[in-house]
Amino acid sequence: MAQVETDDGRGLLAEQRRAAIAAEVRARGGVRVTDLVLRFGVSDMTVRRDLDALARDGLLEKVHGGAVALGESSAHEPGFEAKRTLETAAKEAIAEAAAALVPRGGAVALSAGTTTFALARRLTDVSDLTVVTNSMRIAELFAQRLRPPGARHGATVVLTGGMRTPSDALVGPVADQAIRSLNFDLAFVGCHGISIGAGLSTPNLAEAETNRALIAAARRVVAVADHSKWGLAGLATFAPLAAVDTWVTDAGLPETARAEAAEHIRHLLIA
């Protein structure tokens, strides 16, 4: 039987420890191997393996004796697995709150992303629901839940076509044309960044266009983004804050940011 790595003296799994290291690099700009060894109570080699894994995922840059943050690039797009390890507790809280907004018997759109993926896990058994998504990960999630013999039939899922991005989104003219022929009660959209100046943004130009199509086809738009996205701006804006009916975020969003966002977004829901 395969064993899950739990070499942290505090009982953290490797994934949790790496998420904590990535967060510290973002906050401080860099870390030292010796400091991480003391903090987590693990070996030098374990820390170096963690840094190797995070560097492969594009979350930091290894240097002699430690690691530093990557230069902030509005066009840098981490892969799905890299983003999935970040702010996991916040994403789960957001997903739970967002799921309560889903109308029974309705049609909803889920953009690609790790927060919308967390939301999708809560919708797989919802009957009388139609889900349209451009996320390969979300479509596969629904397929796996409905595949076992005797599984209860849940939501009907429609996957757009298109070209695949590093975050496993399907984008481009094929995806955009399919979406424009549909109408949604709600569109749940994730983003790379959310700010007053740039609105909702992404590093990927083609994904921005596909997200615009999702928003244009929806009667109501719900942004799902944790507090760490506030103030960030990706290369391409796909919606101003005024286009967002509800922003579902987590309690880590500072009071000052809540006040600023509330001036531009109709409803702010703190999970």
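Provided above is the structure to which this section pertains.
Residues numbered from 1 in each chain as written. Predicted model: local features only at pLDDT ≥ 70, side-chain atom pairs only at ≥ 80, totals over all residues. Heavy atoms only, no water.

Caption draft 1: Region of interest: the packing of helix H5 (residues 88-99) against helix H6 (residues 114-121). Closest axis-to-axis distance for the H5/H6 pair is 8 Å, and the angle between their directions is 55°. The angle between H5 and H6 places the two elements in the oblique class. When the axes of H5 and H6 are compared, the crossing they make is right-handed. From H5, Lys91, Glu92, Ile94, Ala95, Ala98 and Ala99 reach across to H6, where they touch Thr114, Thr115, Ala118, Leu119 and Arg121. Residues that form the contact of H5 with H6 fall into these classes: six nonpolar, two polar and three charged. (Axes fitted to C-alpha atoms, helices over the stretch in contact; angles between N-to-C directions. Helix = DSSP H or I, 4+ residues; strand = E, 2+ residues; numbered from the N terminus. Parallel < 35°, antiparallel > 145°, perpendicular 65-115°, else oblique. Left-handed = near helix turned anticlockwise from the far one by under 90°. Contact = heavy atoms within 4.5 Å. Nonpolar A, V, L, I, M, F, W, Y, C, P; charged D, E, K, R; others polar.)

Caption draft 2: Main features of the nonpolar core. Counting residues in hydrophobic clusters, the biggest one holds 29 residues, and the most contacted among them are Phe184, Ile194, Leu200, Trp230, Phe238 and Trp247. Sorting the residues of this core by element identifies strand S9 (184-189), helix H9 (205-216), strand S12 (218-224), strand S13 (236-239) and helix H10 (255-262) as the ones contributing at least two each. In terms of residue count, H9 provides more of this core than any other element does, four residues in total. Not counting the four nearest positions on each side in its chain, Ile194 is found in contact with Gly199, Leu200, Lys229, Trp230, Gly231, Leu232, Leu241, Trp247 and Ile265. (Core = buried A, V, L, I, M, F, W, Y, C linked by side-chain atoms within 4.5 Å. Buried < 20%, exposed > 50% of the residue type's maximum accessible area, 1.4 Å probe, protein only.)

Caption draft 3: Quick look at the pairing of S9. S9 sits mainly inside the fold: five of its six residues count as buried. Bridge count for strand S4 (residues 107-110) against S9 is three bridges, and the pairing is parallel. Residue Val108 lies in a different strand from S9, and its bridge partner there is Leu186. Sheet topology note: the S9/S12 ladder contains five bridges and is parallel. When the bridges of S12 are listed, Val189 appears paired with Ala223. (Pairing = 2+ DSSP bridges.)

Caption draft 4: Geometry of the sheet that holds S13. The three strands lie next to each other as S10-S11-S13, forming an open sheet whose pairing is antiparallel. At either end of the open sheet lies a strand with only one pairing partner, and these are strand S10 (193-195) and S13. Averaged over all adjacent pairs, the angle separating strand axes in this sheet is 35°, with direction ignored. Alignment of S10 against strand S11 (residues 199-202), held across three bridges, turns out to be antiparallel. Its bridge partner lying in S11, Gly193 is registered against Ser201.

Caption draft 5: Structural context of the environment of Arg180. Of note, Arg180 is situated in helix H8 (residues 173-180). Arg180 sits 32 residues away from Arg212 along the chain, and the two C-alpha atoms are 9.8 Å apart. Excluding anything up to four places from it in sequence, Arg180 contacts Glu209 and Ala213. Within the local environment of Arg180, its side chain forms a polar contact with the side chain of Glu209, the two groups lying 3.0 Å apart. (Polar contact = N/O pair within 3.5 Å; in protein donor to acceptor, adjacent residues only side chain to side chain.)

Caption draft 6: Looking closely at the sheet that holds strand S1 (residues 30-32). Strand order across the open sheet formed by three strands is S1-S3-S2, with antiparallel pairing between neighbours. The sheet terminates laterally at S1 and strand S2 (61-63), the two strands that pair on one side only. Neighbouring strand axes in the sheet, compared pairwise and without regard to direction, differ in orientation by 20° on average. Inspection of the sheet shows S1 paired to strand S3 (residues 66-68) by three bridges, in the antiparallel sense. Residue pairing for S3: Val31 is matched across the bridge by Ala67. In this fold helix H2 (residues 33-40) packs onto S1 and S3, with an angle of close to 75° to the strand it touches most, S1.

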